[in-house]
Amino acid sequence: MAAAPQILIIGGASVDSLRAGGQPLVTPGGGALYTAVAARKAGGDVGFFGMRPDPLPELFHLAAREAGWVGPPCRLEDIPHFEIVYDDDGSARLVNAVWGLEDRLDPATLPDELLEAEYIHLAAVHDASVQVKFIERIRGRSKAKISAGTFGYMVHRSPDAVRALMDLCDLFFLNAFEAETVFGSQHPVVRAGQILVVTRGADGADVWQGDHCTRIPVCPSRPVDLTGAGDSVCGGMLAGLAQGMHPVFAARLGAALASITIEGPGMHALLAAEPSEVPQRWTPLVDKRVTVDDEQVEAVARLIRDLEDVQPFDFTGPYFPEPGDPHAVSWFFAAIKHQFGFWMPYNGNWAASTYACWNGQQLKGSDYCFAAWRRVLDDHPEYLSPLGHVSVRYNAFEAIFRDDLGRTPLPVLATHYNLAINYGRDMHQMGWTPETLVAEARLQPRPVRWLLQQLDHLPGYREDPLRKKSMLLVVALGQRPEKFIELSEQSDVAPIIDYHLMRSCFRTGLVRIDDPELDRLVSARRLLSPTDENALRMPCFEAVRQLSRRSGRSIAAIDWFFFGARSRCPEVDAPDCARCAIDAVCAHRVSLFQPVYRTTFY
Ligand code: SF4
């Protein structure tokens with residue numbers, strides 16, 4: 001291996017003999033090899049370190065090439081051999097296992113140059129102590145995120161050893177049965193900054209980011225053999241994370257890989273998969289009821305290419321810190337996590353926007369929230385720190401948002417309070433401050449991507465796979481006069497999908513709702529299901545990304561232009577099309593509305 005791969009998988013390969021009636025089928029196997037091949041198929045830059053038979057039998061040629069397999073030479077009989085029998089009901093039984101010498105894989109033989117990898121995954125081997133020894137060799141010598149997996153036998157024999165192993169890792173993978181053995185009926189204990197994935201067969205997988213859990217579904221498939229499914233989730237997820245994805249989207253990529261693996265016996269289907277198959281499988285996010293209108297995107301892109309009105313906001317003004325304020329970075333971290341939920345439902349419908357009377361003016365939700373935090377900056381700057389967040393009592397928190405009339409019109413105040421407490425707690429536990437995070441981001445080759453990945457661990461930011469608040473924070477830090485962070489790598493800056501942008505996408509026709517029933521629900525401003533909300537929001541993300549690429553205008557500029565829709569194309573009053581710069585190409589679907597859905601994302 002000339003240079004370090006981005007993802008290094010350490011562990012073993014095996015020879016698997018599969019029998020379902022007639023002649024056995026012999027296939028390459030082993031958790032590490034499955035993980036490495038899946039990561040490669042998901043577009044990862046992968047290397048695999050494990051004992052390598054010399055000469056390498058033809059059985060392994062293709063897998064070895066995909067996985068970038070290097071490691072100490074051994075005899076073929078020194079790697080594990082498994083015999084698996086499939087019963088008539090499709091269940092698999094391990095009837096014979098010869099473990100070989102995989103436990104003798106020695107951390108001292110791991111070449112130093114491989115430690116440059118960004119992610120190092122220690123696949124389950126026969127004995128957890130081997131994984132621990134590798135971690136001891138890697139920690140302190142490598143900046144890599146360390147990941148590990150386990151398997152039933154190890155969990156059954158020594159759940160404490162598995163817990164101890166997990167404690168050493170940044171990411172950990174196990175299945176539902178193993179999780180129950182290790183954690184009992186309790187929720188797993190996942191520390192701040194750590195990611196745990198619990199695969200649940202047909203029920204999908206749980207992605208834990210600290211104590212926050214998201215259930216992701218399986219990808220549709222025609223299962224033949226479930227061997228390697230969990231390892232494929234792991235490989236796909238590592239590839240997704242290495243590409244900068246949010247953990248939930250990375251896990252969905254893993255689910256896509258698993259759906260491929262299980263459609264053939266052993267490793268056959270995974271090895272045969274074409275690279276183009278993976279994105280096609282990754283379809284749970286694509287709901288055909290709502291589509292990006294390509295021609296309309298092109299028309300709007302042409303129009304806004306040279307439009308004067310399309311300019312980014314610099315995040316200054318009466319509700320923001322003065323340029324040069326020493327608390328500005330902490331303030332933006334603290335304030336932007338509360339940019340959500342400024343509306344009230346009634347009887348299953350959207351009923352009203354949030355307004356507050358503030359210094360004699362009526363402020364709409366987003367401005368009101370920023371104004372409230374500006375008051376914190378003036379009166380209680382000590383609240384802005386991580387420990388300040390933790391120490392604020394509920395009554396004091398409520399007072400932050402109290403308006404001229406002594407009311408707190410924030411619709412979901414308790415949710416805001418919980419997020420604030422958890423934000424302070426986790427940031428403190430991780431030893432972070434907003435200032436140290438931004439300072440470290442500035443040292444990275446891709447500061448935006450790096451900062452987004454840290455925010456994926458932070459309550460208030462980590463929950464949304466589309467990273468609306470994280471991206472708003474990054475753009476604010478980059479657009480401020482102080483230029484806290486460099487935004488020049490535009491490919492790392494993604495659309496900021498909030499209410500106003502979605503309403504604009506539907507009304508302008510950038511996004512078409514082709515399903516009459518969904519169109520009716522959106523027009524009637526009915527409360528939506530999570531599936532409907534997801535169906536509507538994802539195409540808006542894609543439409544705005546395309547709009548930015550085709551128009552050459554930055555995400556920051558497009559976002560601020562469409563944010564202006566709250567006044568010219570508002571929720572309650574009739575749109576003021578004569579004042580709107582895109583009137584000439586707009587589809588004028590003015591009955592359409594943003595998704596009515598209670599979330600902390602936007
Ligand atoms: S104000 Fe009128 S022209 Fe502008 S986006 Fe709304 S409906 Fe279209």
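The structure we're discussing is the one just above.
Is there a simple way to explain the sheet that holds strand β12 (residues 171-175) in this structure?
Strand order in the open sheet made by the 9 strands is β6-β4-β1-β10-β11-β12-β13-β14-β15, with mixed pairing throughout. In this open sheet, the two strands that pair with only one neighbour each are β6 (69-70) and β15 (212-216). The pairing of strand β14 (residues 205-209) with β15 spans 5 bridges and is classified as antiparallel. Bridge pairing links V207 to T214 in β15. Those strands touched by helix α6 (residues 176-183) are β12 and β13 (195-199), and its axis lies near 105° from that of β12.

Can you help me understand the nonpolar core in this one?
A general tendency of soluble globular proteins is for nonpolar side chains to be buried together. Within the largest apolar cluster, 194 residues are counted, with the highest numbers of intra-cluster contacts made by I10, F333, W373, F401, L451 and L477. Ranked by residue count, the leading element in this core is helix α8 (residues 247-261), at 9 residues. The residues that make up this core include at least three from each of domain 1 (9-101 + 117-281) and domain 2 (300-579).

Looking at this structure, how should I read unusual backbone geometry?
What you tend to see is this: most non-glycine residues have negative phi, and most peptide bonds are trans. At the junction of D54 and P55, the peptide bond is cis and its omega measures out at 5° in the coordinates. By secondary structure assignment, the location of P55 is in the loop between β5 (52-53) and α2 (61-67). A positive phi angle is found at F315, which is not glycine, with a value near 55°. By secondary structure assignment, the location of F315 is in the loop between α11 (294-304) and α12 (328-336).

How should I be thinking about the pattern of salt bridges in this particular structure?
When their charged atoms lie close together, side chains carrying opposite charge are able to pair. For the coordinates displayed, the defined rule picks out 41 salt bridges. E571 serves as the salt-bridge partner of K364, at 2.7 Å between the closest nitrogen and oxygen. Placement of the pair is K364 in strand β20 (residues 361-364) and E571 in the segment after α24 (565-568), with a sequence separation of 207 residues. Here R566 makes a salt bridge to D367, at a shortest N to O gap of 3.4 Å. With a gap of 199 residues between them, R566 in helix α24 and D367 in helix α13 (residues 365-379) connect regions that are remote in the sequence. For the pair formed by R566 and D367, the shared burial category is buried.

Calculation rules
- Residues numbered from 1 in each chain as written.
- Predicted model: local features only at pLDDT ≥ 70, side-chain atom pairs only at ≥ 80, totals over all residues.
- Heavy atoms only, no water.
- Pairing = 2+ DSSP bridges.
- Helix = DSSP H or I, 4+ residues; strand = E, 2+ residues; numbered from the N terminus.
- Contact = heavy atoms within 4.5 Å.
- Axes fitted to C-alpha atoms, helices over the stretch in contact; angles between N-to-C directions.
- Core = buried A, V, L, I, M, F, W, Y, C linked by side-chain atoms within 4.5 Å.
- Buried < 20%, exposed > 50% of the residue type's maximum accessible area, 1.4 Å probe, protein only.
- Domains from an automatic or database assignment.
- Salt bridge = Lys/Arg side-chain N within 4 Å of Asp/Glu carboxyl O.

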